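# Structure assessment
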Amino acid sequence: MNEVLDAVLALIEGVDPVLRTALAGLFIMLETTILLGLVVPGDTVVLVASTAVDSPAEYWALVITVIVGALAGASLGFAIGRFFGPRLRASRLGQRIGEKNWRRAESFLAHRGGIAVFISRFVPVLHSLTPLVVGMSALRYRTFMLWLTPACVIWAFAYVSVGSAAAEGYRSIAGQLDFAALIFVGVIIGFWLLVFAVKKLLDRYVGRYDDGDAVVLPHTEKRGGHPSAPAPQSSSDDD
């Protein structure tokens, strides 16, 4: 089995590092953009790309690119929500997301404000839907970025570190253990299970605020390039 994994890793390493890093950033940008995030496996692409990291420079380049890509995708989603949100929601494409998901994102944002932005980065569907919902609300872009950035940093370091460490560990023992590939696969599966468990816990937390009655804060007039942002209801730690 080591031979098979060697071939796979060699194939990934064969991709130009600049192209590999750029593709990871592009896919994660698409994942954090509304609608596209429901079908683009950005997390998988980042994890795969991280297995080819073989120097500190490549590691940091990938981490920074993934963070920038995630923030760029969320910013695009915010802009779409600001200018086209209601029309997109009413469109056939918006309805395919499901009214339940729209109201769930609205309710969580209305109750938890900035904290909802942070947590949503780790919750399926919400991570691509929340930027659009925030864009339709009165929460300022600056506040949105202040809460989203640390979440993207944590996410990027987790995926890139696990992928690169697993691959490096495999290469160091592949010549000594015939079942080294199984250890590598076990580490990756263990990571996915941990991610799955965390997502399920956060999803349940979000569900506590899914009362179906909350609405996004009204969109207000812009001042200095950003809309004003009164404190979200039922929370004192949003900004």
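Just so it is clear, the structure is predicted and the values come from calculations on it, not from any experiment.

### Examining the packing of helix H2 (residues 17-31) against helix H4 (residues 56-90)
- Look at H2 against H4: their axes get within 7 Å of each other, and the N-to-C directions meet at 25°. Put simply, H2 runs roughly parallel to H4. By crossing handedness, the relation of H2 to H4 is classed as right-handed. The segment H2 lies against H4, with Pro17, Arg20, Thr21, Ala24, Gly25, Ile28 and Met29 engaging Glu58, Ala61, Leu62, Thr65, Val66, Gly69, Ala70, Ala72 and Gly73.

### Quick look at the environment of methionine 29
- With respect to the helices and strands, the residue methionine 29 is situated in helix H2.
- For methionine 29, a relative accessible area of 24% gives the class partly exposed.
- The spacing of methionine 29 and glycine 42 is 13 residues in sequence and 7.8 Å in space, taken between C-alpha atoms.
- Among residues more than four places away in sequence, those in contact with methionine 29 are Gly69, Ala72 and Gly73.

### Thoughts on the packing of H2 against helix H3 (residues 42-50)
- Where H2 contacts H3, the two axes come as close as 8 Å, and the packing angle between them is 160°. Here H2 lies roughly antiparallel to H3, going by the angle between them. Pair H2 / H3 crosses with left-handed handedness. Residue-level inspection shows Arg20, Leu23, Ala24, Phe27, Ile28 and Glu31 of H2 in contact with H3, the latter providing Gly42, Asp43, Val45, Val46 and Ala49.
- Classifying every residue of the contact of H2 with H3 gives 7 nonpolar, 1 polar and 3 charged.

### Topic: the pattern of salt bridges
- What the rule picks out here adds up to 6 salt bridges.
- The salt bridge partner of glutamate 99 is arginine 89, with a shortest N-O separation of 2.4 Å. Highlighted residues: glutamate 99 in helix H6 (residues 99-112) and arginine 89 in helix H4, separated in sequence by 10 residues.
- Residue arginine 104 is joined to aspartate 203 by a salt bridge in which the shortest nitrogen-to-oxygen separation is 2.9 Å. One end of the pair, arginine 104, is in helix H6; the other, aspartate 203, is in helix H10 (residues 180-207), with 99 residues separating them in the sequence.
- Ionic contacts of the salt-bridge type, sharing partners, join the residues Arg89, Glu99 and Glu106 into one network.

### Concerning the nonpolar core
- Counting residues in each nonpolar core, the largest one holds 57 residues, and the members touching the most others are Val46, Phe144, Leu148 and Tyr170.
- Each residue touching phenylalanine 144, except ones within four places of it in the same chain, is listed here: Ala74, Phe78, Val117, Pro131 and Val134.

### Topic: the packing of aromatic side chains
- Following the criterion strictly, the structure yields 15 aromatic pairs and no others.
- An aromatic cluster is built from Trp155, Tyr159, Phe191 and Trp192, whose rings are joined through pairwise contacts.
- Over the face of the ring belonging to tryptophan 155 we find arginine 121, whose NZ or CZ atom lies 4.7 Å from the ring centre.

### Description of helix H9 (residues 141-173)
- Relative to the 48 Å expected for 33 residues at 1.5 Å per residue, H9 spans 47 Å between its end C-alpha atoms, a close match to the ideal helical length.
- Maximal helix bending in H9 amounts to about 30°, located at leucine 148; proline proline 150 follows within four positions.

About the thresholds
- Residues numbered from 1 in each chain as written.
- Predicted model: local features only at pLDDT ≥ 70, side-chain atom pairs only at ≥ 80, totals over all residues.
- Heavy atoms only, no water.
- Axes fitted to C-alpha atoms, helices over the stretch in contact; angles between N-to-C directions.
- Helix = DSSP H or I, 4+ residues; strand = E, 2+ residues; numbered from the N terminus.
- Parallel < 35°, antiparallel > 145°, perpendicular 65-115°, else oblique.
- Left-handed = near helix turned anticlockwise from the far one by under 90°.
- Contact = heavy atoms within 4.5 Å.
- Buried < 20%, exposed > 50% of the residue type's maximum accessible area, 1.4 Å probe, protein only.
- Nonpolar A, V, L, I, M, F, W, Y, C, P; charged D, E, K, R; others polar.
- Salt bridge = Lys/Arg side-chain N within 4 Å of Asp/Glu carboxyl O.
- Core = buried A, V, L, I, M, F, W, Y, C linked by side-chain atoms within 4.5 Å.
- Phe/Tyr/Trp six-rings, centres within 6.5 Å; stacked < 30°, edge-to-face > 60°.
- Lys NZ or Arg CZ within 6 Å of the ring centre and 35° of its normal.
- Expected span 1.5 Å × (residues − 1).
- Bend = angle between axes of the 7 residues up to and from the residue.

Limitation: the analysis is restricted to geometry and does not speak to function.
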